[in-house]
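What follows is the residue order along each chain.
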Amino acid sequence: MNYWLMKSEPEAYSIADLQQQKETIWDGVRNYQARNFLRQMDEGDLAFFYHSSTNPPGIAGLMRVVKKDIADPTQFEPESKYYDPKSSSESPRWQTVVVEFVETFSKPILLSILKEEFSAEEFILVKQENRLSVMPVPEAVALKILAMLPNLQFS
């Protein structure tokens, strides 16, 4: 199993939205490096749900990859801000995954705490000016983050 971190602005889509919906397609990623990370995901991988562009930002919960190698449908929708006229159904440029809700943390793990616990070499999230919306989390880092949660209930 691999670990990932996936960012969303809570005003656009929050962990509470995922909890209510149970699962969702993680659409709209338009960065090639982030897209390549999505392509590397496997069913059963765990992902930290990170609330970005909020005060304070932090990891709000946990989700699991349930389907992989999905063509992001927004690339084919001309009315979508994620429309890509160079993409076709025969050769989609943007792939994504479907994730399911696992758990909301009783208290978010704030970016400030993560910066105290990890170096930029350990965890790229804490690297200054990091703007990736999807990134791998090394297993040692993921296990340390999970250990910060005293009442974690996921299985």
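The notes below deal with the structure included here. Fair warning: this is a prediction, and the values are worked out from it, not measured in the lab. Sequence positions are assigned chain by chain, starting from 1 and proceeding in written order. Two thresholds apply to this predicted model, a pLDDT of at least 70 for residue-level local features and 80 or more for giving and counting side-chain atom pairs, whereas whole-chain, interface and lining totals are computed over all residues. Calculation of side-chain values draws on the structure's entire complement of heavy atoms; hydrogens and water are dropped beforehand.

Here we come to the side chain of lysine 7. Secondary structure elements are defined from DSSP: runs of H or I of at least 4 residues count as helices, runs of E of at least 2 residues count as strands, and each element is numbered from the N terminus. Along the chain, lysine 7 turns up in strand E1 (residues 3-8). For every residue, the accessible area (1.4 Å probe, protein chains only) is compared with the maximum for its type, and the residue is labelled buried under 20%, exposed over 50%, or partly exposed between those bounds. Counted as positive: Lys and Arg. Counted as negative: Asp and Glu. His and the chain ends are not counted at all. One speaks of a salt bridge when a side-chain nitrogen belonging to Lys or Arg is within 4 Å of a carboxyl oxygen belonging to Asp or Glu. Buried and unpaired, lysine 7 has no salt bridge, with glutamate 9 as the nearest side chain of opposite charge at 9.6 Å. N or O atoms within 3.5 Å of each other form a polar contact, as long as, within protein, one can give a hydrogen and the other can take it, and as long as residues adjacent in sequence are counted only when both atoms are side-chain atoms. A polar contact is formed between the side chain of lysine 7 and the backbone oxygen of leucine 132, at a distance of 3.2 Å. With residues up to four places along the chain from it excluded, the contact list for lysine 7 reads Trp26, Tyr50, Ser52, Leu125, Asn130, Arg131, Leu132, Ser133 and Met135. The contact definition used throughout considers only heavy atoms, calling two residues in contact when any of these lie within 4.5 Å.

A separate point is the nonpolar core. If you look at the biggest cluster of nonpolar residues, it comprises 43 residues, and the most contacted ones within it are Met6, Phe48 and Phe123. Setting aside anything within four residues of it in sequence, one finds methionine 6 in contact with Trp26, Leu38, Met41, Ala47, Phe48, Phe49, Tyr50, Met63, Val97, Val99, Ser133 and Val134. Nonpolar core, defined: a set of buried Ala, Val, Leu, Ile, Met, Phe, Trp, Tyr and Cys residues in which side-chain atoms within 4.5 Å join the residues together.

Of note, arginine 64 is situated in strand E4 (residues 58-71). Measuring from C-alpha to C-alpha, the distance between arginine 64 and tyrosine 3 comes to 9.3 Å, with 61 residues separating the pair along the chain.

Along the polypeptide, aspartate 72 turns up in the loop between E4 and strand E5 (95-110). Residue aspartate 72 is classed as buried on the basis of its relative accessible area, which comes to 1%. Every residue in contact with aspartate 72, bar those within four places of it in the chain, is listed here: Asp27, Gly28, Val29, Arg30, Trp94, Gln95 and Thr96. There is a polar contact of 3.0 Å between the side chain of aspartate 72 and the side chain of arginine 30.

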